[in-house]
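# Residue-level structure breakdown
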Amino acid sequence: MAALQTAVVSLFPELIETALSIGITGRTVRDGRLACRTYNPRDYADDARQTVDDRPFGGGPGMVMTVGPLRRAVYAARTALPVDAPAIFLTPQGERFDQRIAAELAGLPAFVLVAARYEGVDERFIATEVERELSIGDYVLAGGELPALVVLDAVARLLPGALGNPESITAESHVDGLLDWPHYTRPEVETRPEAEQRVPAVLLSGDHGAVATWRRQQALARTWQRRPDLLLDRHLTAADRALLAECIDEHT
Ligand code: ADE
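Residues numbered from 1 in each chain as written. Predicted model: local features only at pLDDT ≥ 70, side-chain atom pairs only at ≥ 80, totals over all residues. Heavy atoms only, no water.

### Some details on the sheet that holds strand β1 (residues 4-9)
The strands that make up a sheet pair up through hydrogen bonds in the backbone, lying either parallel or antiparallel. Overall, parallel pairing links the five strands, which are arranged β2-β1-β6-β5-β7 in an open sheet. On the outer flanks of this sheet lie β2 (34-39) and β7 (132-135), each paired with one strand and no other. On average, adjacent strands in this sheet sit at an angle of 35° to one another, irrespective of strand direction. With five bridges joining them, β1 and strand β6 (residues 110-114) adopt parallel strand pairing. When the bridges of β6 are listed, Q5 appears paired with A110. Strands β1, β5 (87-96), β6 and β7 of the sheet are contacted by helix α4 (residues 99-106), whose axis makes an angle of about 135° with β7. (Pairing = 2+ DSSP bridges. Helix = DSSP H or I, 4+ residues; strand = E, 2+ residues; numbered from the N terminus. Axes fitted to C-alpha atoms, helices over the stretch in contact; angles between N-to-C directions. Contact = heavy atoms within 4.5 Å.)

This is the structure we're talking about:
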């Protein structure tokens, strides 16, 4: 499997590189399944002071990143990639990033992420160089670096071989549009001064069918309680509806 080729355009490349050297993402990079190069717009400025921003036309606070250094950095990133790569700009104005988009990006051969400071980027850069705009949620961060890392983290763990156990991708939260079920490990009984905490008996039963049904029911019930909006978007099988009805009855 060829590595997913990525590039990040950012004024803080060390932040990107450090984060990508750690944990599962770090292993994905070391194993050659994910490649990521960084491009600092400052290196593509055309003056001795390496200017990358200027005051906004029309007035107002804050600075706006100029088109030139960003465009040249994206161009350099694209030229170094073996295939045509879309440029994805991280912005609160973008389409909301989710597991579906993560899976879509994990299936591409290459992409370029553009992280800018939030105050603003000259719109002409976005109009000409950017194929897609993504937001990681309805809040405003100071820059696009953390959003770019969120995207890379979510994508990296979907690459083949990124996890020890491939089942853990399909079996978990959001992949199936549902929240995750609760997990337990040893000891069977946690002794606290107030009360004992026991692992649900079904998980100790050795009955794989019963365990699977319990987990499915827990996932459905949690989604119904915590994120009912997720259930509106998906089709539930008759079996799922029956499992959910059982616990809704218990709660009402
Ligand atoms: N840049 C600043 N805030 C952001 C957000 N919520 N998502 C993506 N990029 C951003």
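### Remarks on the domain arrangement of the protein
Taken as a whole, the protein is organised into domain 1 (4-156) and domain 2 (171-250). Between the C-alpha centres of domain 1 and domain 2 there is a distance of 38 Å. (Domains from an automatic or database assignment.)

### Concerning the site of the ligand
Taken together, L90, T91, P92, L134, S135, I136, G137, Y139, V140, L141, G143 and P147 make up the full set of residues near the ligand. Within the backbone of I136, an N or O atom sits 3.0 Å from a nitrogen atom of the ligand. In the complex, the protein chains occlude 99% of the 260 Å² of accessible area that the ligand would expose alone. Of all the secondary-structure elements, those providing two or more residues to the shell around the ligand are β5 and β7. The element contributing the most residues to the shell around the ligand is β5, with three residues. Broken down by class, the residue content of the shell around the ligand amounts to eight nonpolar, four polar and no charged. (Near = heavy atom within 4 Å. Polar contact = N/O pair within 3.5 Å; in protein donor to acceptor, adjacent residues only side chain to side chain. Areas by Shrake-Rupley, 256 points an atom, 1.4 Å probe, with all protein chains shown as cover. Nonpolar A, V, L, I, M, F, W, Y, C, P; charged D, E, K, R; others polar.)

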